[in-house]
Amino acid sequence: MILLFLIASFSISAYDTPNDAGSSITLKFSSSLPFISGEVMRKNSDGEFERMASICSSDSSWMDNFTVDGVEYFYKIVLTTEEGIVTSETVSAVSSPQWFHKGRTIMLVMVILVCGFILFFIREARGGKELYVRPIAGIEALDEAVGRATELGRPIMFITGIMDMDDLQTIAGITILRRVAKKAAEYEAQVLVPTSRSLVMTAAQETVKEAYYDAGRPDIFNPDNIFYLTDDQFGFAAGCDGIMVREKPGAIFFMGSFYAESLILAETGHSTGAIQIAGTAMPSQLPFFVTACDYTLIGEEFFAASAYLSRDPLQLGSLKGQDWGKLIFFALIVVGTVLMTFGITVIRNILMVR
Amino acid sequence: MKRQIPLLITFIVGIVMVVQYFIPRQPFAGLFDTFNQWFLIIAVFALILGLMNLVRLHVQKLRRMKGGWGYSIILLCGLVGTIFTGALWGIGTGSPFNYVFVNIQQPMGATMFALLAFFIASASFRAFRARNLDATLLLVAAVLVMIGRVTIGALIWNKLPHIAEWIMSYPNMAGQRAIMIGIALGTVSYSLRVILGIERTYLGGE
C-alpha cells in the first residue's frame, strides 16, 4: 500500500528532444517524496537496464544525448528513500532529428517579412520610383573631412575596427573606405589604413587601389599606406595612437567594430585636432564616439552609409524596406506594451524566440 | 568571372547560413562551426601576409633611416625574439615565451587599458559642459548616476541609488534598445544587399 502510494507520487515521461539534430531523448520527472539518491536506468528493446546517470532532489529533467535515432529506448528511475527502494514506471521514446526549429518560427516570419519589404522596395526602385532618404550629417561630412585634411596638407587616417572580415561592420567600413579613398585620390591626398587583421589589410589594399584607379590617379597610390599592425587589441590602439601623434592626420575615420580601445583612439585623435567621423554598431562604444568625434554614424546609419553615398536606387530601396521593418517593430512595441500593461501576454508569448 | 565567382560563393554561403539557423538536423547543424573553422584556416594563412607586410615596412624604414627608425629595431627584435623563444622552448608555463608574454606583453596591454580612465575623465569633462538644454540634461543625468552608484551617494540622500538605477533601467535602456533594433534591421538589410550582390564594394570594385 505504501509502495503504491510512493509510485503514485512519482511521475516520469520521456520524449524526443525537440528542435535538435537527433540522438537525444529528454526525460522529465517529478517526485514529491524525499529521496537519498536517484539513478536513471536505460535499456533498448533487447538489452538489460543499465545505469546512465545520478540525479538529485533538485533535478526535474535529464537529457540522454547518446541515443541512436529510430531505436526505441526504455527508461526508469530508481530512488533510494528512507523507506526503501522505489522504482518508477518504465517509459519509452525514440529520438529523431527535426527539419525545422519550431522555437524560431517567429524569427523566420520576421525575417521573411523584413526581407519581403526590402525586396519589394528594391523592385520598386528598379522600376524607377523616386525614393527619399533623410539627410545624414555624418555621411554628408565625409567629403568635407577629406577636403579639410587636403587643405591642411595632412594625410587621412582610416581605421576599420579590430575585427576580421567575418564581421559585417568591417565590411561596411571597407565600403566607406572606398568612397573616402576615391575622394582622397581626386584631391591627391594620402590615406593611411592601419589594420589589426591581415585579411582586412588585403581587402583594404584592393579597395583603395580600385578607388585610386577609379579616380584616374593610380600613380599616387601607395600600397605601403595600408598596413598590418597587430592582432592585439591594445597593441593596435597604441600603434594607431603613435601614428596619430607622429603623422598628425587632418581627418580620422573610425568605421567598424570597436571595443574598449574606441575612446583611447578617439581621444588621441581629438587631441591632434583632426576632424573625426566615427561609425559603429557597437551600442556600448557609441557614447564614447559621440563625445570625442565631430560626427558619429549611429548603428543603422553606419550600415546605410554605402547606400546613401552610392545613390544606387537598388541600395536605396533596401533602406526603404528597412524603414518599413522598423515601422512593424514600432507597432508591435506599442501594442505589446499596452497589452502587457493590462496583463495580456499574448504578444510576448508569440514573439519569444526559444 | 573574377567578379562572378566571389559573388556566387557569397550568395550560396549567405543563404546556407540563414537556412542552417532554422534547420537543426545534419548536415545543416554543423555548418556554422564548419564555416567558422574554414574562415580561421584562411585567416591563419593570411596572417603570414600581415607578418610579411610588417617586416617589409619596418626593414624599409630602417634602410631609409626614416623618423622613428629606432622603434622599428625594437619591433623587429621583439618579433624575431618571440618567434624563436616560442619555437625553441615551447609556450608552456615557465618557458621564455610565457615569461615574455606575462612580464612584457600583458603589462603593456594593461597600461594601455588603464589609460582609458584618464581618457574617460577628459571626454566626460567636454561632454558634460552645460552649453544647451540637451547637454544640461546629460550633465544632470550623469551626475545623478555617478553619485548614485558610489557609497557616498546613499549617505547624501538614500534615494539617490534608486534614482541612478531608474535612469539606467528605463530612459537609458529604452535608448539602447531603440539603437539595437535599428542595428538589427540595418544588419539584415546590409546582409541582404551583400548576399544578393547589390553591395559589392568590399570585393574591390563597383
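The rules behind the values
- Residues numbered from 1 in each chain as written.
- Chains lettered and ligands numbered in written order.
- Predicted model: local features only at pLDDT ≥ 70, side-chain atom pairs only at ≥ 80, totals over all residues.
- Heavy atoms only, no water.
- Helix = DSSP H or I, 4+ residues; strand = E, 2+ residues; numbered from the N terminus.
- Rg over C-alpha atoms; globule rule 2.2 N^0.38 Å.
- Areas by Shrake-Rupley, 256 points an atom, 1.4 Å probe, with all protein chains shown as cover.
- Lys, Arg positive; Asp, Glu negative; His and termini not counted.
- Charge placed at Lys NZ, Arg CZ, Asp CG, Glu CD.
- Buried < 20%, exposed > 50% of the residue type's maximum accessible area, 1.4 Å probe, protein only.
- Contact = heavy atoms within 4.5 Å.
- Phe/Tyr/Trp six-rings, centres within 6.5 Å; stacked < 30°, edge-to-face > 60°.
- Pairing = 2+ DSSP bridges.
- Axes fitted to C-alpha atoms, helices over the stretch in contact; angles between N-to-C directions.
- Right-handed = clockwise from strand over helix to strand, strands pointing away.
- Parallel < 35°, antiparallel > 145°, perpendicular 65-115°, else oblique.
- Nonpolar A, V, L, I, M, F, W, Y, C, P; charged D, E, K, R; others polar.
- Domains from an automatic or database assignment.
- Core = buried A, V, L, I, M, F, W, Y, C linked by side-chain atoms within 4.5 Å.

Asks: I'd like a description of the overall build of chain B, backed by residues and values.
Replies: The secondary structure content of chain B amounts to 7 helices and 0 strands. When the elements of chain B are put in sequence order from the N terminus, they spell out α-α-α-α-α-α-α. At 26 Å, chain B has a C-alpha radius of gyration far larger than the 17 Å of a compact globule built from 206 residues. Projected onto its principal axes, the C-alpha positions of chain B cover 65 × 50 × 40 Å. With the model as given, the accessible surface of chain B reaches about 13500 Å², and the carbon-plus-sulfur share is 74%. Between the mean site of the 16 positive side-chain charges and the mean site of the 5 negative ones, chain B shows a separation of 12 Å.

Asks: I'd love a proper account of the overall build of chain A, names of residues and values included.
Replies: Counting secondary structure elements, chain A contains 11 helices and 14 strands. Computed over C-alpha atoms, the radius of gyration of chain A comes to 30 Å, more than 25% over the 20 Å expected from 2.2 N^0.38 for 354 residues, which places it beyond the range of a compact globule. For chain A, the spread of C-alpha atoms along the principal axes amounts to about 95 × 50 × 40 Å. Per-residue burial over chain A gives 51% buried out of 354 residues. Residue pairs at least 24 apart in sequence account for 67% of intrachain contacts in chain A once pairs closer than 6 positions are excluded. Roughly 15900 Å² of accessible area belongs to chain A as shown, and the carbon and sulfur atoms make up 58% of that amount.

Asks: Summarise the packing of aromatic side chains; cite the residues concerned and give the values.
Replies: All names here are of chain A. Per the stated rule, a full pass over the model turns up 14 aromatic pairs over all chains. With centroids separated by 6.2 Å and ring planes inclined at 25°, the aromatic side chains of F121 and W324 adopt a geometry described as stacked. Residue F121 is found in helix α2 (residues 105–126), and its partner W324 is found in helix α10 (residues 313–341); the two are separated by 203 residues along the sequence. We classify F121 as buried; its relative accessible area is 8%. Residues F302 and F303 carry aromatic rings whose centres are separated by 5.5 Å and whose planes lie at 40° to one another, so their mutual orientation is tilted. Residue class for F302 comes out buried when judged on its relative accessible area of 1%.

Asks: Residue-level account of the sheet that holds strand β13 (residues 275–280) of chain A, with values.
Replies: Residues and elements named next belong to chain A. Here we have 6 strands laid out as an open sheet, ordered β11-β10-β9-β12-β13-β14, and parallel in their pairing. Each edge of the sheet is formed by a strand with only one pairing partner; in this case those strands are β11 (226–228) and β14 (295–298). Strand-to-strand, the axes of this sheet are offset by a mean angle of 15°, without reference to chain direction. Running at roughly 175° to β11, helix α5 (residues 198–214) makes contact with β9 (156–161), β10 (191–195) and β11 of the sheet. Strand contacts of helix α9 (residues 300–310): β12 (251–257), β13 and β14, with the helix running at about 95° to β14, the strand carrying the most contacts.

Asks: Could you give an account of the pairing of β10(A), with specific residues and numbers?
Replies: Residues and elements named next belong to chain A. Among the 5 residues in β10, 5 count as buried, and that is most of the element. Covered by surrounding structure in β10 are V191, V193 and T195 together with L192 and P194, the residues of both alternating faces. What joins β9 to β10 is helix α4 (residues 168–186), and the crossover it makes is right-handed. Where β10 and β11 come together, 3 bridges link them in parallel fashion. Note on β11: the bridge partner recorded for T195 is Y228.

Asks: Account for the packing of helix α1 (residues 4–22) of chain B against helix α2 (residues 31–64) of chain B, with residues named and values stated.
Replies: Residue and element names in this part refer to chain B. Packing of α1 against α2 leaves a shortest axis separation of 9 Å and a crossing angle of 140°. Taken together, α1 and α2 sit at an angle that is classed as oblique. Here V13, V16, M17 and Q20 of α1 lie close against α2, whose contacting residues are L31, F32 and F35. Taken together, the residues that form the contact of α1 with α2 break down as 6 nonpolar, 1 polar and no charged.

Asks: I'd love a proper account of the domain arrangement of chain A, names of residues and values included.
Replies: According to the domain assignment, chain A consists of domain 1 (2–94), domain 2 (102–129 + 314–351) and domain 3 (137–311). Each of domain 1 of chain A and domain 3 of chain A has a C-alpha centre, and the two are 59 Å apart.

Asks: Any details on the nonpolar core? Residues and values, ideally.
Replies: Residues and elements named next belong to chain A. Formed by 63 residues in total, the largest nonpolar core has its most connected members in I156 and F253. If one sorts the elements of this core by residue count, α4 sits on top with 10 residues. Contacts of I156, omitting those with residues within four sequence positions, involve V146, A149, V180, A184, A189, Q190, V191, L192, A251 and F253. Within the second largest apolar cluster, 30 residues are counted, among which are M157, A237, F258 and A278.

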